[in-house]
Amino acid sequence: MNNKVSIVKCGTYSEVEKAVREAVSLLGGIEKFIKKGSKVVIKPNLVSKKKSEDAVTTNPDFLHAVIVMAEEAGAQVTIAESPGGPYNTAALKGIYSVCGIDEAIKGTNAKLNFDTGFTEVHFPEGKTVKNIPIINPILEADVIISLPKLKTHAMTSYTGAVKNLFGTIPGTYKAELHFRLNERKSFCSMLVDLHECVKPTLSIMDAVWGMEGNGPTAGQSRHIGLVMASENAHALDMAACHIIDYSPEEVDTVREAAQRGLTAKDIHGLEILGEKIEPLVIRDFIKPESHFNLLKLISLPASLNARLTNALASRPKINYDICVACGECSRCCPPKAIDMSGGKPVINEKKCIKCFCCQELCPKKAVSIKRPFLNRFMLKFLK
């Protein structure tokens, strides 16, 4: 098991090329991962149409630095992503343009993927899913380099290297998985299965600017000032979570990976290269409003857990002062719990599975996270 994680300070994106090279050099250099003539697919985080300054997607300067480094090693580079929403040529063109990816490939020979085909992969080793649809460019690659962004996440608490691979599943199938695996634990177990199926060669994390609060798209940008890398995405996520003051038990993808023996049990089992990790920890990093697990504070019979969890769970709420009635929340809702028949979105709370896709993909940040009164009361007096 490789638990090496490199950490390099990087204050601004004008310094990112040097930092990326140093982070990869600490792991053995790019030549360790890429042979001349290799088909390399770089998978950034392009969850939605957001400009680079929003700190939602992988920064284009960060991506450019990795492309240049890969091409110097003799790679044929393709940029591939299946963003939130539909997976078609028009959607990809929009994502590449708004997120600055068109600019990121300038001066390089890298190509943008427009092949919207996919293949269902049988993965018998999967714990939660054994058949996974994967976009074709990922399956055709000799080397996969994942470029996650360090962010919080309303459903999974944190999104990083493992969660970034959800973008290797074609658009509509993401909604199907959200609907089928509507509990956080099972959904995160699926993400670990997905990672083990795809097995990226290298993960390099954009943690120069990240996101705190109600991420992955509706939070606040936060300067972290780091570039991190690892051959083991699970180890990378454990280190990143430690830096933003999450324990492994608080993030189900990390907890699940540790339980399966895919990474160390805790931060002390990682081999940190470059910067020392403890001075980098951010104690006041803002967590999502949906994060706090109240059931950890009380002991109940198992039969009552599901009912109480639902009663206490945070849920999405539409801010109609901001909402422009574009209908994106309704289109992306896995259980079809958002009705647009009256001209504005209305959430059917009985059908809502609290996946927060509406909050994640709303272009206007018009979906907030609402805690029930009892949830807020317990948080105030019991935390």
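Not measured: the values here are computed from a predicted model. (Residues numbered from 1 in each chain as written. Predicted model: local features only at pLDDT ≥ 70, side-chain atom pairs only at ≥ 80, totals over all residues. Heavy atoms only, no water.)

Caption draft 1: Region of the structure containing the overall build of the protein chain. The helix and strand inventory of the protein chain stands at 13 helices and 16 strands. Since a compact globule built from 383 residues should have a radius of gyration of about 21 Å, the 20 Å found for the protein chain is in line with a globular shape. Taken along its principal axes, the extent of the C-alpha atoms in the protein chain is 55 × 45 × 40 Å. Counting across all 383 residues of the protein chain, residues that qualify as buried make up 58%. (Helix = DSSP H or I, 4+ residues; strand = E, 2+ residues; numbered from the N terminus. Rg over C-alpha atoms; globule rule 2.2 N^0.38 Å. Buried < 20%, exposed > 50% of the residue type's maximum accessible area, 1.4 Å probe, protein only.)

Caption draft 2: Molecular detail of the pairing of strand S2 (residues 39-44). Counted residue by residue, S2 has five buried out of six residues, so it is predominantly covered. Alignment of S2 against strand S3 (residues 76-79), held across four bridges, turns out to be parallel. The residue of S3 that forms the bridge with valine 40 is valine 77. Between S2 and its parallel partner S3, the chain crosses via helix H2 (residues 60-72), and the hand of that crossover is right-handed. Across five bridges, the pairing between S2 and strand S7 (residues 143-147) is parallel. (Pairing = 2+ DSSP bridges. Right-handed = clockwise from strand over helix to strand, strands pointing away.)

Caption draft 3: Structural context of the layout of surface pockets. Roughly 480 Å³ of volume is contained in the second largest pocket. Every residue lining the second largest pocket is counted, 31 residues in all, and those nearest its centre are Pro83, Gly84, Gly85, Lys174 and Leu361. Elements with a contribution of two residues or more to the lining of the second largest pocket: strand S8 (149-153), helix H6 (171-180), helix H11 (328-332) and helix H12 (357-361). Here the element with the most residues in the lining of the second largest pocket is H6; it accounts for five residues. (1 Å grid on protein atoms, 1.4 Å probe; cavity = no way out; pocket = protein on both sides within 12 Å on 5 of 7 lines; lining within 4 Å. Points joined across faces, edges and corners; volume = space filled by probe spheres on them.)

Caption draft 4: Local environment of the nonpolar core. If you look at the biggest cluster of nonpolar residues, it comprises 109 residues, and the most contacted ones within it are Ile34, Ile42, Ile204, Val227 and Met228. Per element, the largest residue contribution to this core is eight residues, and it comes from helix H8 (residues 233-243). Ignoring anything within four residues of it in the chain, the contact list for methionine 228 reads Val5, Ser6, Ile7, Ser203, Ile204, Met205, Leu236, Ala239, Ala240 and Ile243. Among the nonpolar cores identified, the runner-up in size contains 12 residues, and Ile318, Cys329, Ile347 and Cys362 belong to it. (Core = buried A, V, L, I, M, F, W, Y, C linked by side-chain atoms within 4.5 Å. Contact = heavy atoms within 4.5 Å.)

Caption draft 5: Representation of the environment of valine 162 in the model. Turning to its location among the elements, valine 162 is positioned in the loop between strand S9 (157-159) and H6. In sequence terms valine 162 and glutamate 231 are 69 residues apart; their C-alpha atoms lie 12 Å from each other. If we ignore the near neighbours within four places in the chain, the residues touching valine 162 are Leu191, Val192, His195, Ala233, His234, Asp237 and Thr253.

Caption draft 6: Structural detail: helix H9 (residues 252-259). Burial of H9 is extensive: seven of the eight residues sit out of reach of the surface. All of the buried residues along H9 are Asp252, Thr253, Val254, Arg255, Glu256, Ala257 and Ala258. In this structure, the buried side of H9 is in contact with helix H7 (184-198) and H8. Two residues or fewer after H9 comes glycine 261, characterised by a positive phi angle close to 80°.

Caption draft 7: Structural context of helix H1 (residues 16-25). By the burial criterion, the buried members of H1 are Val16, Ala19, Val20, Ala23 and Val24. In a view along the axis of H1, the buried residues occupy a sector of 130°, so they form one face of it. Contact partners of the buried residues in H1: strand S1 (4-9), H2, strand S10 (202-212) and strand S11 (220-230). (Arc of directions from axis to C-beta.)

Caption draft 8: Examining the packing of aromatic side chains more closely. Following the criterion strictly, the structure yields three aromatic pairs and no others. Plain terms: the ring middles of phenylalanine 166 and phenylalanine 187 are 5.3 Å apart, the flat faces sit at 80° to each other, and that makes the pair edge-to-face. With phenylalanine 166 in the loop between S9 and H6 and phenylalanine 187 in helix H7, this pair connects stretches of sequence that are 21 residues apart. For phenylalanine 166, a relative accessible area of 5% translates into the label buried. (Phe/Tyr/Trp six-rings, centres within 6.5 Å; stacked < 30°, edge-to-face > 60°.)

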